[in-house]
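# Understanding the architecture of this molecule
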Amino acid sequence: KSTLFTKDFVDTALFAKNCGAKLIEANFSCPNVGSSCEGKIYQNLESVRDISTQNVNAIGDTPVSIKGGSYEDKELLKNILKI
């Protein structure tokens, strides 16, 4: 599964790599929009899996750092970290 949103993450990571970045950061915590989960990618297991997998496949051996947020659901955090 791929979305235009996922493609934006991949295109940006590739652009940064091609410009010489030694590390790519994927910021899954913004925009934070209060108590709603809208915009909080790090809370969505499917989105984290999709974006992370496609980023890593696209940029190869360039290290990736993923920025998340606070997890009240520890089981969700555990599953996110497995990805």
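Taken as a whole and judged by the stated rule, the model has two salt bridges. Asp-11 is paired through a salt bridge with Lys-7; the nearest N and O atoms lie 2.6 Å apart. Placement of both Asp-11 and Lys-7 in helix 1 (residues 4-18) is noted, with a separation of four residues, approximately one turn of the helix. For Asp-11, a relative accessible area of 35% puts it in the partly exposed group. Measuring nitrogen to oxygen at the nearest pair gives 4.0 Å for the salt bridge that ties Asp-61 to Lys-17. Of this pair, Asp-61 sits in the loop between helix 2 (45-59) and strand 2 (64-67) while Lys-17 sits in helix 1, placing them 44 residues apart in sequence. Given a relative accessible area of 27%, Lys-17 falls into the partly exposed group.

Looking at the largest pocket, its volume works out to about 220 Å³. Along the walls of the largest pocket sit 15 residues, with Val-48, Ser-52, Ile-66, Ile-80 and Ile-83 positioned nearest its centre. Put simply, the parts of the chain that give the lining of the largest pocket at least two residues each are helix 2, strand 2 and helix 3 (74-82). With four residues, helix 2 is the largest single contributor of residues to the lining of the largest pocket. Residues belonging to the lining of the largest pocket are distributed by class as follows: 11 nonpolar, three polar and one charged.

Listed in full, the 10 residues of the largest apolar core are Phe-9, Ala-26, Phe-28, Ile-41, Tyr-42, Val-48, Ile-51, Tyr-71, Leu-76 and Ile-80. Of all the secondary structure elements, the ones that give two or more residues to this core are helix 2 and helix 3. If we ignore the near neighbours within four places in the chain, the residues touching Ile-80 are Tyr-42, Leu-45, Val-48 and Tyr-71.

The rules we used
Residues numbered from 1 in each chain as written. Predicted model: local features only at pLDDT ≥ 70, side-chain atom pairs only at ≥ 80, totals over all residues. Heavy atoms only, no water. Salt bridge = Lys/Arg side-chain N within 4 Å of Asp/Glu carboxyl O. Helix = DSSP H or I, 4+ residues; strand = E, 2+ residues; numbered from the N terminus. Buried < 20%, exposed > 50% of the residue type's maximum accessible area, 1.4 Å probe, protein only. 1 Å grid on protein atoms, 1.4 Å probe; cavity = no way out; pocket = protein on both sides within 12 Å on 5 of 7 lines; lining within 4 Å. Points joined across faces, edges and corners; volume = space filled by probe spheres on them. Nonpolar A, V, L, I, M, F, W, Y, C, P; charged D, E, K, R; others polar. Core = buried A, V, L, I, M, F, W, Y, C linked by side-chain atoms within 4.5 Å. Contact = heavy atoms within 4.5 Å.

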